[in-house]
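Chain by chain, the residues:
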Amino acid sequence: MLIDNVRTDGLGYWDEPTSFFLVESRLNTDQFAAKACKGLSASEDLVFVFDPEDKSASYFGAVKHVEVLRSFFPKLKKVP
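Residues numbered from 1 in each chain as written. Predicted model: local features only at pLDDT ≥ 70, side-chain atom pairs only at ≥ 80, totals over all residues. Heavy atoms only, no water.

(A) Representation of the overall build of the protein chain in the model. The helix and strand inventory of the protein chain stands at three helices and three strands. Secondary structure elements of the protein chain occur, N-terminal to C-terminal, as α-α-β-β-α-β. For the protein chain, the spread of C-alpha atoms along the principal axes amounts to about 35 × 30 × 20 Å. In the protein chain, which comprises 80 residues, the share counted as buried stands at 24%. At a minimum sequence separation of 6, the contacts of the protein chain that also span at least 24 residues come to 31%. Working note: accessible area of the protein chain is about 6500 Å², and carbon and sulfur atoms make up 55% of it. Once the 10 positive and 12 negative side-chain charges of the protein chain are each reduced to a mean point, those two points are 7 Å apart. (Helix = DSSP H or I, 4+ residues; strand = E, 2+ residues; numbered from the N terminus. Buried < 20%, exposed > 50% of the residue type's maximum accessible area, 1.4 Å probe, protein only. Contact = heavy atoms within 4.5 Å. Areas by Shrake-Rupley, 256 points an atom, 1.4 Å probe, with all protein chains shown as cover. Lys, Arg positive; Asp, Glu negative; His and termini not counted. Charge placed at Lys NZ, Arg CZ, Asp CG, Glu CD.)

(B) Just unusual backbone geometry, in detail. Despite not being glycine, Lys 55 shows a phi value in the positive range, around 65°. Looking at where Lys 55 falls in the secondary structure, it is placed in the loop between β1 (47–51) and β2 (56–60). Overall, the relative accessible area of 48% leaves Lys 55 in the partly exposed class.

(C) Layout of the packing of aromatic side chains. The final tally for this structure, using the stated rule, is three aromatic pairs. With a centroid separation of 6.5 Å and 50° between ring planes, the pair formed by Phe 72 and Phe 73 is classed as tilted. Phe 72 gets classed as partly exposed once you look at its relative accessible area, which sits at 44%. On the basis of relative accessible area, Phe 73 is assigned to the buried category, the value being 18%. What links up through ring pairs into an aromatic cluster is the set Phe 48, Phe 50, Phe 72 and Phe 73. (Phe/Tyr/Trp six-rings, centres within 6.5 Å; stacked < 30°, edge-to-face > 60°.)

(D) Structural context of the nonpolar core. Among the nonpolar cores identified, the biggest contains eight residues, and these are Trp 14, Ala 57, Tyr 59, Val 63, Val 66, Leu 69, Phe 73 and Leu 76. Of all elements in the fold, only β2 and α3 (66–72) reach the threshold of two or more residues within this core. Excluding residues within four positions of it along the chain, Leu 69 makes contact with Trp 14, Phe 48, Tyr 59, Val 63 and Leu 76. Ranked by size, the runner-up nonpolar core spans six residues in total, among them Ala 33, Cys 37, Val 47 and Val 79. (Core = buried A, V, L, I, M, F, W, Y, C linked by side-chain atoms within 4.5 Å.)

Limitation: the analysis is restricted to geometry and does not speak to function.
This is the structure in structure tokens:
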């Protein structure tokens, strides 16, 4: 129901993550994402990290529609 409530046909939409954390860190986006993803499985886990200050973003795991995510976050990088 939540998905139906927030989705608008014809506009960008990404619904893959199922958990949300708001975290303050001294690390940059790439460093924080690498730390957060340590020991996770790229086939089973999905992580998205965004820094609202500089608009940088990183993701980890099997994102089905990277192009949609990138349309919202042009500085998007994949965590190695």
